[in-house]
Amino acid sequence: MMNIKSILSIARAETLVIRRLARYWLFLAISFLFVFIAFIYYSALHGLYSSHSATVGLLSPRFLVTSIAGVLYLVIYSIGVIFLAFDVRARDLRERMHEVLDSRPYSNLELVIGRFLGVLIPAWVPMLFLIVLIQLVGFLLKTSGMPIGEPAQITSLLSFVFLIGLPSFAFIISIVFLVTLLVRNRLVASITLLLLIAASFGGMYFLPVYKARVFDFLGLMQSGYPSDLTASFMPLTGIIHRVATLLASLGILGICAAVHPRLDDGSRVKTGFIGAIVVAIAVVITGGILYGHMKEMKDQERWLKTQMEYHKAPVPDITKISGRVEISPGKEFILDIKIAFRVPANPIKTALFTLNPGQRVVELLDSSGKPLSYKHEEGILDITMPDTLTQGEEVVIGLKTEGVPDKHFAYLKSAVNPLKLKSKDSNTTLLGNENYVFDRKFVALMPAVRWLPLSGVENSMENQQNNRVDFFNVDLTVGVPKGWLVAGPGRRNKAGEDKRFDLYRFAPPSVVPEVAILASEYESRSYETDGIVMELLVNKKHIKNLDVLSDTKEKVREYIDTTLREAKEAGLTYPYDGFSLVEVPTNLRTYGGGWRLDTVQTMPGIMLLKELSLPTARFDSAFRNPDKFKNQEGGIVKAKWDRLMSYFQQDFSGGNIFTGAARNFFLFQTAAGGPEGMPVNFVMDTLSGLVLADTKGYFSAHIFAEGNAVNQIIQNVIVSYFQLRNAGIQDTILSSTIRTRTSRPVVWEKALESSLLDIDPWKEPADMVDYLILKGYAVADSIYKTLGREKTAAFLASIRKNHTGGQFSVSDMKTALNEQGYDMDASLGDWLGSTGLAGFVVPEAKAYRVADDANGSPRYQLLFTVRNDEPVPGTFYFAYYYTAQNQRAELISGETIHLAGRHAIQYGTIVSRMPTMFFLAPVLSYNRSTFELKMANFNPDKIVEAEIIEGVRDIPWELPASASIVVDDLDEGFTIVNDKEETKGLRVKAKAKDMSRDLDQGLPYTSYNVLVGGLGLPAEWTRISNGMTYGKYRHTAAYIKRGEGTKKAVFSSELPQSGTWDLEIYIPMRNVFPGKKWGRWHGVVIDRNGDRHQVEFDSKTGTEEWNLAGKYDFPQGKCTLELSDLTDGDIVVADAIRWTPSAGK
Amino acid sequence: MGERERDISISIQKVRHVYKGGNPAINGMSLDIHTGLFGMLGPNGAGKSTLMRIICSLLVPTEGRVIVGGHDVVKERRHVRRLLGYLPQDFNAWRLHRVEEVLGTLATLSGLENNSERRARVAEILELVGLLDVSHRKVKSLSGGMVRRLGVAQALIHDPKILIVDEPTVGLDPEERIHFRQLMAKLGKDRIIILSTHIVGDLGAGCHDLALIDRGRLEFRGSPEKLIAHAKGFVFEIHMEGNRAEPSDQYEVVSQEQKLGRTIIRVVSRMGEIPDGAVPVDNPTLEEAYLAFMASNSVKQAVKGGEVQS
Ligand SMILES: Nc1ncnc2c1ncn2[C@@H]1O[C@H](COP(=O)(O)OP(=O)(O)O)[C@@H](O)[C@H]1O
Ligand SMILES: [Mg+2]
């Protein structure tokens, strides 16, 4: 038997030593300091910015104890522990204490355990202090009304200390003991240990999550996301993992006792063996977790295979599902329903449904109550009907199931499987990992787990051809525990109660494509408008923001009422009798499957509200000082309302309520099927968002699976916040995010490579999503800008009216658009099936002053000629940028103009104030982005007597004839060579490889044009996009900082005939690179025979245009100019060159 | 357990110990030790410490058996360890601990589990070794002598039936030595004390039984008187003119005295022969007896070695 007194005495002695070691306090101080700094940082971020964007709220330190404190404290301290524990035997030897210790009557196991506790306690106890400190500081900050800081979520603190901290330290210390006993040399031992820790961190970082979890001895990946809504501390597998870690450390201690050099009476073999067995048990348990994950994935693969096998089978068309759902949270789930369905085109003998394999079918009856024979395997419910059913026949069957749905039966084919992500990329955790929740305190029955039968198999499993949405009516009575509230499709009607349940009935007046049910002991806020109950359901602990924002109640209602009324007037009536905004725990997966990974926060009659968004954001800190808003227009109420609006618009995590709620009005009523389904539905959904809320959103779950892309977005939010305040450019974070994401060169490459219908979306799904958004938004913009809000609404309404509950086609869409006066083919060309785009050229842009108006105010004529040199039609508008002293800068958009393929127009307009800059903004064209126009010289004092030109006028389209040969930096003849191929270190190479995705037609590119001046110049040829550089459609140039003349930009071309040729070099506007010194450039021209001619070019004095650089007699054939990075200025720019036959000598 | 009542003894039976890759440190030794202060004399490297470690169950003898208070030191270490207190030759303590903390910890580990009893005992023993004043000081601030005394204290803390002290007087000042000798004599009344030393004077009057060890072998076992008796005829006095004793390979000088311009030296003969002008002494001291014994012993060894070689 072990003697506790001895153990404790050894432990106490060890603790005494450790507490007197300077390094102990050093490590403690460092880890406390880091945790503290991290907390301040995240608290500040959250406290100050979480009310600006729901995405920022994801970084709430209140729920990030493990990720912040955990990572820092445990990582720092686990390295510290090495240097505390590696000395235990060595110190006795060094301090010549070992013999008196060894000659005392206690066993080696007692010794090892005592020592272990002696190191563990001083390592672990400070964690208790730490969390108390965190709570205390948080509490003080919060109660004293500070804008930042609040106490942390309590269960996450407890699991941090007990489930994460304790086993972590136990494990590390025992490993340190073992290694130092086996490797006596302290230096070798500590290096070995550091390597072990590094290896395990590396494993954690680079392995897929399901494997990494096994290496996660610190337990950082075990905890899931804490929540005030659910009862669970930590997922069960997490708890098992922690227990296994603790067990492993005990086993290792046994082995330590066995290999300890001290002689004792115990049998080394026996102790070692028992220790090894305990370690083996721990390994088996951890292996079990791995096995569990692998089984999950296997199951999913098998289910997916089964789904695919059935994808050609005829599908019943469900018309109505009615019946009863009983929810005993955490325990039992009973479904007792009647399914009415219509037989599809072909006669069928079997009816095929998808139903979660976790639910046992206990009864399956036909309409007369006779049992039907069926098979429920691998999530497929295959019912054999007694008679063959003929087309159009209506059948009702009764289905009763028991058992809780299997949570892995969802999103079977998904571009992102959170288990397979590398953990460095697994920010998807922020979007939730649980497919649905069936917790003691909270239930979220998400449609994707198919707890309600789905007709046929999952959509788009095999290809897009099968795209199909089955709309049906519902009449469900849901039983939830007493006192619970439930949200479902539409209004919650109390339908009595029985012994165990409160019963609520959901029977919305219109069809739904899917049903979600959420239940908990919610706090409710609701009101009714025009027969629709609008309800907000939040956790009882999260009502603070409701109080803070309570004075916007009137505004919110007014907004909702107006939106609903206007929608109704336009024929887009809200289809259901209720709408609920429902809080859900962060752990609930809120992105869907497929390659699209669309948000699933919006469902018929329901919008999910993530716990980390509105419920816990710090609106209180934003509005803690009401005086600040007194003098603002509209006062604090308007400020709050505006903040609330932008808060949801800037939700990049799928919770944009404006676009989300808008889906009810159209896509939840009818959808396009077939191969065009996805893009068409996307456009229609965008249009409903524009009509109902005048906004577009941005959501791509892919960026949560891409390293730190999310952080970048969050940073963007914050940086933009300041930029917007300062620069006065009227751009929102939302639109700049959309632009930044969709204008990435890789996205454009996709867009130019294959059409929306031809592309394989699974190849690079993340880029594909942005391609869809790029093109879909452009199409929607073109329609919406042309038709305006009312007509667009009417267009949507007419399709909805004719197709509610069914599908519509592209030609239905075209017809309905035509009715409103929009010719899709003429305006957009074949946007679905082709990659062709318009290409806009502005050969002339000028302005002159005309006679003053009647009041004597000046008037200016703006006149532009625009050519579309491509065969495909396109849409654009002009934009004018005004700056004035003491006034905010403004960017004003002009009217939308369609330009047919190979056509040209002249556009004139009269303005009373001269803009400072002029832009052409194509909706979608080869020009890619908005570009600045180069205006002809303008004299503000000279009044020109001329006819006023307003509006669009067709002019003949003609390509300018020229004998010149132009080579632009985007042309094929443009390449980069480097005479001195540098041998780069491994790291640089790896980094270069990483960046290859981010090349713009072969060159690295500058994405922040505004910052070119501020940033240093690149040491490699880099592409910049700027309207003030030369280009046919895209205006780009390559540039590099002064070098040694080894890095060259090469322009090659074919000269059609021999003779004398003028070489001209294009100098872009020098202020594209503000503050840079322009000097002499050096080049070599090489002709077909290899003869070399030096070119010296003074870029400082040349005009910002074409400049003659030399005249040469050349043979016909290939001819190249190599422009090197050698200069006496700061910069060399390779924009474009031009060869022209000499006019004469 | 009963060990306390019985008269306790240590029995060393045909013990041999060979360190890895070395000559035998103990080369066949049998010895029974009973209550009282037992002196273990021998030059450096004789094997004293090795034997003590074996008795303390810190080292497994290569051959032979050691029984301590009825328990085998290899099979019943816990019992053996309960019985003894050990002061190793090069004792030191955790530098960062306070004196009382070291004692407290070691006391608990020796079975003094009752807190108040232990505290009282720690105070008592600190008093006994004269460290009470420094009980709050950290070990790293103690002088060498204080550390030694702390070593004695830790060995005595649990009032063991057997006390094994290895060269305990190294580093003590003369006063401390006297004090230490007295303490040993007192403690030796009702327990076994094995005290190893190469300084004969340290044994003091309390020692009635001793062993002489050389090169791993027991060379002598008996009372100090017996050893002195053996030495008669090997210790001489030589009176010399001048004030310097000439070194000689015939004898070893033990002491020297100046008297009226003459030097009187006491010597121990190496070869057992009487050196020129020497007068045999009839009352050799224990130290002289030890030296005489060792001297003759080394000659014997050399002779034996010669025999083997030839
Ligand atoms: N740990 C050891 N490893 C190898 N040889 C040792 C070790 N300890 C002692 N010895 C050798 O054993 C012999 C006896 O040493 P020791 O018992 O310390 O003698 P004493 O205590 O009498 O001075 C010496 O030759 C010594 O060098
Ligand atoms: Mg010794």
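Student: It is not clear to me how the site of ligand 1 should be interpreted in this structure. Could you clarify?
Tutor: Residue and element names in this part refer to chain B. Around ligand 1 sit Tyr19, Ala25, Pro43, Asn44, Gly45, Ala46, Gly47, Lys48, Ser49, Thr50 and Gln89, and that is every residue in its neighbourhood. Within the contact set of ligand 1, an oxygen atom lies 3.1 Å away from a backbone nitrogen or oxygen of alanine 46. Lysine 48 is positioned with one of its backbone polar atoms (N or O) 2.8 Å from an oxygen atom of ligand 1. Contact with the protein chains covers 59% of the free accessible surface of ligand 1, which is 550 Å².

Student: Explanation requested: the nonpolar core in the structure shown.
Tutor: Within soluble globular proteins, side chains that are nonpolar generally end up buried alongside one another. Ranked by size, the top nonpolar core spans 252 residues in total, and within it Phe169(A), Trp451(A) and Met813(A) carry the most contacts. Residue contributions to this core peak at 18 residues, all from helix 21 (residues 765–803) of chain A. In terms of nonpolar packing, the next biggest core, distinct from the first, is built from 63 residues, Ile125(B), Met146(B), Ile193(B) and Leu286(B) among them.

Student: Which parts of the structure should I look at to understand the sheet that holds strand 14 (residues 278–280) of chain B?
Tutor: Pairing between sheet strands relies on hydrogen bonds along the backbone, with the strands arranged either parallel or antiparallel. All names here are of chain B. Taken together, the four strands give an open sheet; going across it, the order is 12-13-11-14, and neighbouring strands pair in antiparallel fashion. Single-partner strands in this sheet number two, and they are strand 12 (251–259) and strand 14. Each strand axis lies, on average, 25° off the axis of its neighbour in the sheet, ignoring direction. In the sheet, strand 11 (residues 235–241) pairs with strand 13 (residues 262–269) via seven bridges, with the strands oriented antiparallel. Its bridge partner being in strand 13, phenylalanine 236 is matched across the sheet by valine 267.

Student: Even after reading the chapter, I still don't get the domain arrangement of chain B, so can you show me in this structure?
Tutor: A common measure of how large an interface is: the accessible area buried when the components associate. All names here are of chain B. Segmentation of chain B into domains returns domain 1 (10–98 + 156–222) and domain 2 (228–303). Each of domain 1 and domain 2 was reduced to a C-alpha centroid, and the two centroids are 30 Å apart. At the junction of the two partners, domain 1 supplies eleven residues and domain 2 supplies nine residues. For the pair domain 1 and domain 2, the summed buried area comes to about 900 Å², and 72% of that belongs to carbon and sulfur atoms. If you sort the residues of domain 1 by the area they bury against domain 2, Val200, Leu212 and Glu219 come out on top, with a joint share of 47%. Taken together, domain 1 and domain 2 are joined by zero residue pairs in polar contact (both at pLDDT 80 or more). Where the side of domain 1 that touches domain 2 is concerned, the elements lending two or more residues are strand 9 (207–214) and strand 10 (217–222). It is strand 9 that provides the largest number of residues to the side of domain 1 that touches domain 2, a total of three residues. Partitioned by chemical class, the residues of the side of domain 1 that touches domain 2 number six nonpolar, two polar and three charged.

Student: Looking at this structure, how should I read the interface of chain B and chain A?
Tutor: Across the contact, 38 residues belong to chain B and 30 residues belong to chain A. Between chain B and chain A the total buried area reaches about 3,100 Å² when both faces are included, carbon and sulfur atoms providing 54% of it. Run the count over chain B and chain A and you get three salt bridges. The tally of links between chain B and chain A comes to 18 residue pairs in polar contact (both at pLDDT 80 or more). Elements that contribute at least two residues to the side of chain B that touches chain A include exactly helix 2 (77–83), strand 6 (84–87) and helix 3 (99–109) of chain B. In terms of residue count, helix 3 of chain B provides more of the side of chain B that touches chain A than any other element does, six residues in total. For the side of chain B that touches chain A, a count of residues per class yields 16 nonpolar, nine polar and 13 charged.

Student: Looking at this model, I keep getting lost on unusual backbone geometry. Mind explaining?
Tutor: Leaving glycine aside, a negative phi is the common case for residues, and trans is the common case for peptide bonds. Notably, Glu378(A) is not glycine yet its phi reads approximately 50°, a positive angle. Inspection of the secondary structure assignment puts Glu378(A) in the loop between strand 5 (373–377) and strand 6 (380–389). Of the residues examined, Glu378(A) reaches a relative accessible area of 29% and is grouped as partly exposed. Despite not being glycine, Arg215(B) shows a phi value in the positive range, around 45°. You can see Arg215(B) is positioned in the loop between strand 9 and strand 10. By relative accessible area, Arg215(B) is classed as partly exposed at 49%.

The rules behind each value
Residues numbered from 1 in each chain as written. Chains lettered and ligands numbered in written order. Predicted model: local features only at pLDDT ≥ 70, side-chain atom pairs only at ≥ 80, totals over all residues. Heavy atoms only, no water. Near = heavy atom within 4 Å. Polar contact = N/O pair within 3.5 Å; in protein donor to acceptor, adjacent residues only side chain to side chain. Areas by Shrake-Rupley, 256 points an atom, 1.4 Å probe, with all protein chains shown as cover. Core = buried A, V, L, I, M, F, W, Y, C linked by side-chain atoms within 4.5 Å. Buried < 20%, exposed > 50% of the residue type's maximum accessible area, 1.4 Å probe, protein only. Helix = DSSP H or I, 4+ residues; strand = E, 2+ residues; numbered from the N terminus. Pairing = 2+ DSSP bridges. Axes fitted to C-alpha atoms, helices over the stretch in contact; angles between N-to-C directions. Domains from an automatic or database assignment. Contact = heavy atoms within 4.5 Å. Buried area = accessible area lost by both parts, 1.4 Å probe. Nonpolar A, V, L, I, M, F, W, Y, C, P; charged D, E, K, R; others polar. Salt bridge = Lys/Arg side-chain N within 4 Å of Asp/Glu carboxyl O.

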